[in-house]
Amino acid sequence: MKHVCRISRIVSNPSGHALLVGVGGSGKQSLSRLAAHICGYSTVTIVISGSYSVGGPLCGARKLYKRSGLKGEGILFLFTDSQIVDERMLVYVNDLLSSGEIPDLFPQ
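Predicted model only: the values in this text are computed from it and were never measured. Throughout, residues of each chain are indexed from 1 in the direction in which the sequence is written. Given that the model is predicted, a residue must reach a pLDDT of at least 70 before its local features are reported, and side-chain atom pairs must reach 80 or more before they are shown or counted; all residues, however, enter totals for whole chains, interfaces and linings. As a convention, hydrogens and water are excluded, and side-chain values are obtained from all of the structure's heavy atoms.

A. Local environment of the overall build of the chain. To qualify as a helix, a DSSP run of H or I must reach at least 4 residues; to qualify as a strand, a run of E must reach at least 2; elements of each kind are numbered from the N terminus. A tally of helices and strands in the chain yields four helices and two strands. The order of α-helices and β-strands along the chain, N terminus first, is α-α-β-α-β-α. Overall, the C-alpha framework of the chain stretches about 45 × 30 × 20 Å when taken along its three principal axes. Should any heavy atoms of two residues lie within 4.5 Å, those residues are considered in contact. Pairs at least 24 apart in sequence give 69% of the contacts found in the chain among residues at least 6 apart. Only the protein chains shown count as cover for residues, and all accessible areas are computed by the Shrake-Rupley method using a 1.4 Å probe. With the model as given, the accessible surface of the chain reaches about 7,600 Å², and the carbon-plus-sulfur share is 56%. Positive: Lys, Arg. Negative: Asp, Glu. His and the chain ends are not part of the count. A charge is said to be at NZ when it belongs to Lys, at CZ for Arg, at CG for Asp and at CD for Glu. The centroid of the 11 positive side-chain charges in the chain is displaced by 12 Å from the centroid of its 7 negative side-chain charges.

Laid out in structure tokens, this is it:
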């Protein structure tokens, strides 16, 4: 119960993000999904397929920005280490976490 409360408190803050570390199967994703439900957020994850490339996260990020920015919807983006297809994806995640935006996401 303590962990769900902590995750909920972190996520409910503006630009709140957390890095959950632990052994596989310890419930990190389940607690995050429960915390998102408690906060009234929808949970979004990356679905990896055979044709998934580095351009895939940018397309997904555009959709997330539109959902959260235009519609005002609260979103919890759940990203695991098994979803890292290319290390360049981590650059986008780093930009998102450090400044809240991804450069050149929307062409002018």
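From this point on, the discussion continues.
B. Representation of helix α1 (residues 2-12) in the model. A simple rule labels every residue: compare its accessible area, found with a 1.4 Å probe on the protein chains alone, to the largest value its type can have, and call it buried under 20%, exposed over 50%, or partly exposed in between. Taken as a whole, α1 has its buried residues at V4, I7, S8 and V11. Across the axial projection of α1, the buried residues extend over an arc of 100 degrees, all falling on one side. Every exposed residue of α1 that faces more than 90 degrees away from the buried side is listed here: K2 and R9. Residues of α1 that are buried in the fold lie against α2 (28-39) and β2 (75-78). Arc, as used here, means the arc of the directions from the helix axis to the C-beta atoms.

C. The arrangement of the pattern of salt bridges in detail. Criterion for a salt bridge: a side-chain nitrogen of Lys or Arg within 4 Å of a carboxyl oxygen of Asp or Glu. On inspection of all chains with the given rule, the structure shows one salt bridge. Note that E73 is salt-bridged to R67, the shortest N-O span being 2.6 Å. Given a relative accessible area of 28%, E73 falls into the partly exposed group. Look at R67 and you get partly exposed, because its relative accessible area is 27%.

D. Spatial organisation of the layout of surface pockets. Size it by volume and the largest pocket reaches roughly 1,800 Å³. Lining the largest pocket we find 49 residues, and of these L76, F77, L78, L96 and L97 sit closest to its centre. Looking at the lining of the largest pocket, the elements that each hand over two or more residues are α1, α2, β1 (42-45), α3 (55-70), β2 and α4 (88-99). A total of 10 residues in the lining of the largest pocket trace back to one element, the largest contributor, which is α3. Gly counts as polar in this scheme, as do all residues outside two lists: the nonpolar Ala, Val, Leu, Ile, Met, Phe, Trp, Tyr, Cys and Pro, and the charged Asp, Glu, Lys and Arg. Class assignment of the residues belonging to the lining of the largest pocket gives a composition of 27 nonpolar, 17 polar and five charged. Cavities and pockets are defined on a 1 Å grid built over the protein atoms alone: a cavity is a set of grid points where a 1.4 Å probe fits but cannot escape, while a pocket is an open set with protein on both sides within 12 Å along at least five of seven lines, and lining residues are those with an atom within 4 Å of any such point. Grid points are joined across faces, edges and corners, and a volume is the space filled by probe spheres set on the points.

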